[in-house]
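# Breakdown of the fold
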Amino acid sequence: QVQLVESGGGSVQAGGSLRLSCAASGGTFVMGWFRQAPGKEREFVAAISKNGSGADYSDSVKARLSISRDNAKNVVFLQMYVLTPEDTAVYYCAASTRPWPTRTWTIRSSYDYWGQGTQVTVSS
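Residues numbered from 1 in each chain as written. Predicted model: local features only at pLDDT ≥ 70, side-chain atom pairs only at ≥ 80, totals over all residues. Heavy atoms only, no water.

## A few points about the sheet that holds strand β3 (residues 18-25)
By way of backbone hydrogen bonds, the strands of a sheet pair with one another, either parallel or antiparallel. For clarity, the threshold we go by: We call two strands paired when DSSP finds no fewer than two bridges between them. Working definition: helices are DSSP H or I runs of at least four residues, strands are E runs of at least two. Numbering for both runs from the N terminus. Note on geometry: axes are lines fitted to C-alpha atoms, helical ones only across the stretch in contact, with angles between N-to-C directions running from 0 to 180 degrees.
Taken in spatial order, the 4 strands line up as β1-β3-β8-β7 in an open sheet, and their pairing is antiparallel. Two strands bound the open sheet, and with one partner strand each, they are β1 (3-7) and β7 (65-70). For this sheet the average axis-to-axis angle between neighbouring strands, irrespective of direction, equals 15°. With 5 bridges connecting them, β1 and β3 associate as antiparallel partners. The residue of β3 that forms the bridge with E6 is C22.

Here is the structure:
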């Protein structure tokens, strides 16, 4: 059984930084991050290939975040910088069993498994 567990969310002041983690079990996957703000649809944030050499970012956050992974621990990270209140959302980790070149990673249907989400709140 595949399981994804997010951690690292919390409250932070505007201008601060935060690192989210997603621990995966049951396999090695292409990994993605999505977020859902109150009253909004879930939107793509970033994705990373299985070996960590490829990455894809939302244009709205590319300048302020970095996605990485530690395959020895089967954990993917989302390091966010210069946070603003617009970053307030529930952040979800997602996993796909498909190869990196075969999918469009910005869409939810490309992923097979989802975590429970972790809350990020940025105050002004």
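## Description of the state of the cysteines
By definition, a disulfide is the covalent link that joins the sulfur atoms of two cysteine residues. Which entries qualify depends on this criterion: Disulfides are defined in this document as cysteine sulfur pairs within 2.5 Å. Buried, partly exposed and exposed residues are distinguished by accessible area as a fraction of the type maximum, computed with a 1.4 Å probe on protein chains only: under 20%, between the cut-offs, and over 50%, respectively.
Taken as a whole, this structure holds 1 disulfide when the rule is applied. Shown here is the disulfide that connects C22 with C93, its sulfur atoms set 2.0 Å apart. Here C22 and C93 share a disulfide; its torsion about the S-S bond, -85°, makes the bridge left-handed. Here C22, found in strand β3, pairs with C93, found in strand β9 (residues 89-96); they are 71 residues apart in sequence, far enough to count as distant. Accessibility expressed as a relative area gives 0% for C22, which makes it buried.

## What about the nonpolar core?
Defined as follows: Residue types Ala, Val, Leu, Ile, Met, Phe, Trp, Tyr and Cys, when buried and joined through side-chain atoms within 4.5 Å, form a set referred to as a nonpolar core.
In terms of nonpolar packing, the biggest core is built from 27 residues, with M31, W33, L78 and Y91 touching the most fellow members. For this core, the secondary-structure elements that each account for two or more residues are β3, β4 (30-36), β5 (43-48), β7, β8 (75-80), β9 and β11 (118-123). In this structure, V30, F44, A94 and W105 belong to the second largest nonpolar core, which totals 7 residues.

Honestly, that's just the spatial picture; any functional story needs more than this.
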